[in-house]
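# Analysis of the macromolecular model
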Amino acid sequence: MLAKADSSEPIARRLSKISRLTPSFSKEALYVKSLLALFALVALPVMAAEPTLYGRYEYIALPEIGGEVLKAKMDTGALTASLSAKDIETFTRDGENWVRFRLGTKDASNKVYEHKIARISKIKSRSDEEDEGDSTEVAKRPVVDLELCLGNVKRTVEVNLTDRSNFNYPLLIGAKALREFGAAVNPARRFTADKPDC
């Protein structure tokens, strides 16, 4: 127990008494402890954020679209997700923009779905590579916030609606959606998550 310090005692002498009573650490030990603490701060979030590895193609369920399960292409080169839709029609409801559409897949029913539009995306595509000019066509697509289920993980992601009937996969999962799922893609693998269970 420390004795009560005399207020007339010089500060240097009081500090000297305190430093003799506290444990001393070498500079090396403090350096090592500091490095370990820094490593823990940096490494733990990285280890916690380890992505789940999926294949190039996966099954994804659409709970808001009748629970349909579609084969999807996991495409790190695309930014947004795209769903094959037909008869796409925008309209206004209670002052907000909405979209009405039918699912554009081979076995889809004729059921009409309606969703509030999150935004309109502008997709640029070259009209012809051999044209001398640098002409591009801009397509405007309605984007909806749609709940998707991959494996046992459910996320709400932005999905643009477009006719993908000429493509092998009616659903394209782009980089933004992959990030939402905490996913990494191994292009050599297929259907690693099995059927959705959300």
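Residues numbered from 1 in each chain as written. Predicted model: local features only at pLDDT ≥ 70, side-chain atom pairs only at ≥ 80, totals over all residues. Heavy atoms only, no water.

### Side note on the overall build of the protein chain
- Summing up its helical and strand segments, the protein chain has three helices and ten strands in all.
- Each helix and strand of the protein chain, ordered N terminal to C terminal, gives the series α-α-β-β-β-β-β-β-β-β-β-α-β.
- Put simply, of all contacts in the protein chain between residues at least 6 apart along the chain, 57% involve residues at least 24 apart.
- Entry remark: accessible area of the protein chain is about 13500 Å², with carbon and sulfur atoms responsible for 51%. (Helix = DSSP H or I, 4+ residues; strand = E, 2+ residues; numbered from the N terminus. Contact = heavy atoms within 4.5 Å. Areas by Shrake-Rupley, 256 points an atom, 1.4 Å probe, with all protein chains shown as cover.)

### Quick word on the environment of Ile 173
- Counting through the fold element by element, Ile 173 comes out in strand E9 (residues 171-173).
- Ile 173 sits in the buried class, given a relative accessible area of 1%.
- Taking the C-alpha atoms as reference points, Ile 173 and Ala 72, separated by 101 residues in sequence, lie 6.7 Å from one another.
- Beyond its immediate chain neighbours, meaning those up to four positions away, Ile 173 contacts Ile 60, Ala 72, Lys 73, Met 74, Asp 75, Ala 81, Leu 148 and Leu 178. (Buried < 20%, exposed > 50% of the residue type's maximum accessible area, 1.4 Å probe, protein only.)

### Remarks on the nonpolar core
- By size, the foremost hydrophobic cluster in this structure holds 30 residues, and its most contacted members are Leu 62, Leu 83, Leu 146, Leu 148, Leu 171 and Ile 173.
- Those residues in contact with Leu 83, other than ones at most four positions away along the chain, are Leu 62, Leu 70, Leu 103, Leu 146, Val 159, Asn 160, Leu 161, Thr 162, Arg 164, Pro 170 and Leu 171. (Core = buried A, V, L, I, M, F, W, Y, C linked by side-chain atoms within 4.5 Å.)

### Overview of the packing of aromatic side chains
- Counted under the stated rule, the structure contains four aromatic pairs.
- Ring centres of Tyr 57 and Tyr 169 lie 4.4 Å apart, and the angle between their planes is 15°; this geometry places the pair in the stacked category. Here Tyr 57, found in strand E2 (residues 57-62), pairs with Tyr 169, found in the loop between strand E8 (153-162) and E9; they are 112 residues apart in sequence, far enough to count as distant.
- Judged by its relative accessible area of 16%, Tyr 169 falls in the buried class.
- The residue whose ring lies beneath Arg 93 is Trp 98, and the NZ or CZ to ring-centre distance is 4.3 Å.
- For the cation-ring pair, Arg 100 lies above Phe 91, with the distance from its terminal atom to the ring centre recorded as 4.0 Å. (Phe/Tyr/Trp six-rings, centres within 6.5 Å; stacked < 30°, edge-to-face > 60°. Lys NZ or Arg CZ within 6 Å of the ring centre and 35° of its normal.)

### Describing a positive patch on the surface
- There is a patch of like positive charges on the surface, built from Lys 71, Lys 106, Arg 190 and Lys 195.
- By the secondary structure assignment, Lys 195 is in the segment after strand E10 (183-186).
- Relative accessible area serves as the criterion here: at 52%, Lys 195 is assigned to the exposed category. (Patch = residues over 30% accessible without salt bridge, like charges linked within 9 Å, V, L, I, M, F, W, Y side chains within 5 Å. Salt bridge = Lys/Arg side-chain N within 4 Å of Asp/Glu carboxyl O. Lys, Arg positive; Asp, Glu negative; His and termini not counted. Charge placed at Lys NZ, Arg CZ, Asp CG, Glu CD.)

### Some words on the environment of Gly 77
- One can find Gly 77 in the loop between strand E3 (68-74) and strand E4 (81-93).
- Separated by 96 residues in the primary sequence, Gly 77 and Ile 173 have C-alpha atoms spaced 9.8 Å apart.

### Points about unusual backbone geometry
- Here the phi dihedral of Phe 191 falls at roughly 50°; this positive angle occurs in a residue that is not glycine.
- With respect to the helices and strands, Phe 191 occurs in the segment after E10.
- Exposure remark for Phe 191: the relative accessible area of 22% places this residue in the partly exposed category.

### A look at the pairing of E4
- One ladder, built from four bridges, connects E4 with E8; its direction is parallel. Across the sheet, the residue bridging to Ser 84 is Thr 162, located in E8.
- Bridge count for E4 against E9 is two bridges, and the pairing is antiparallel. By the bridge assignment for E9, Ser 82 is matched with Leu 172.
- Where E4 folds back onto strand E5 (residues 96-103) in an antiparallel hairpin, the turn is made up of two residues, including Asp 94, whose phi is positive at roughly 50°. (Pairing = 2+ DSSP bridges.)

### Focus on the pattern of salt bridges
- Scanning the model with the defined rule gives seven salt bridges in all.
- Measuring nitrogen to oxygen at the nearest pair gives 3.1 Å for the salt bridge that ties Lys 116 to Glu 96. Note that Lys 116 is positioned in strand E6 (residues 112-126) and Glu 96 in strand E5, a separation of 20 residues in sequence.
- By relative accessible area, which is 33% here, Glu 96 ends up partly exposed.

Keep in mind these values describe shape, not function.
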